Amino acid sequence: MMRSTDNVPLVEEGGQLPNHTHLSIWHKILFFMLGLISALTICVLIRLSNKLAADAERKAMMHFKEISNRIGHKFDN
C-alpha cells in the first residue's frame, strides 16, 4: 500500500477528503468579463484585418487600372 510522504493521511486510509475551494461570485464575474473582453478584442482585430485587406485590394486595383490606362494610351497612337 502506498504511503503519504507528508503528515496528511491518505483517503484510502480513512483520511478526510480535500476541501474544494469554490470561486466566489466576484471571481466568476471577473473571469466572465475577462473572457468577454478577450472575445471582443479578437472580433475587433479580425474586422480591422479584413478592412485593411479590402483597402489594400482596392489600392492594388486602382494601381493596375492606372497601369492599364497608360499602356492603352501608348498603343492608341
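Model, not experiment: these values are computed from the prediction. (Residues numbered from 1 in each chain as written. Predicted model: local features only at pLDDT ≥ 70, side-chain atom pairs only at ≥ 80, totals over all residues. Heavy atoms only, no water.)

Details of the overall build of the protein
Quick note on the threshold: For helices the rule is a DSSP run of H or I covering at least 4 residues; for strands it is a run of E covering at least 2, with both sets numbered from the N terminus onward. Residue burial is assigned from relative accessible area. The probe radius is 1.4 Å, only protein chains are included, and a residue is buried under 20% of its type maximum, exposed over 50%, and partly exposed in between. Method for areas: the Shrake-Rupley scheme with a 1.4 Å probe, in which residue coverage is limited to the protein chains shown.
Of regular secondary structure, the protein possesses one helix and zero strands. Within the protein, the fraction of its 77 residues that count as buried is 1%. Of the accessible surface of the protein, which amounts to about 8,000 Å², a share of 66% is contributed by carbon and sulfur atoms.

A closer look at the pattern of salt bridges
The cut-off we apply is this: A side-chain nitrogen of Lys or Arg and a carboxyl oxygen of Asp or Glu constitute a salt bridge if their distance falls within 4 Å.
The final tally for this structure, using the stated rule, is two salt bridges. Where D55 meets K59, a salt bridge forms, and the shortest distance between an N and an O atom there is 4.0 Å. Here D55 pairs with K59, and both are found in helix α1 (residues 25-76), just four residues apart, close to one helical turn. For K59, a relative accessible area of 57% translates into the label exposed. Overlapping salt bridges, with partners in common, bring together D55, R58 and K59 in one network.

A closer look at the environment of S24
So the rule is basically this: Throughout this description, a polar contact denotes any pair of N or O atoms lying within 3.5 Å of each other; where both atoms belong to protein, one of them has to be capable of donating a hydrogen while the other can accept it, and for residues adjacent in sequence the pair is counted only when both atoms sit in side chains.
Positionally, S24 belongs in the segment before α1. With a relative accessible area of 33%, S24 lands in the partly exposed category. At 2.9 Å, the side chain of S24 and the side chain of H27 are in polar contact.

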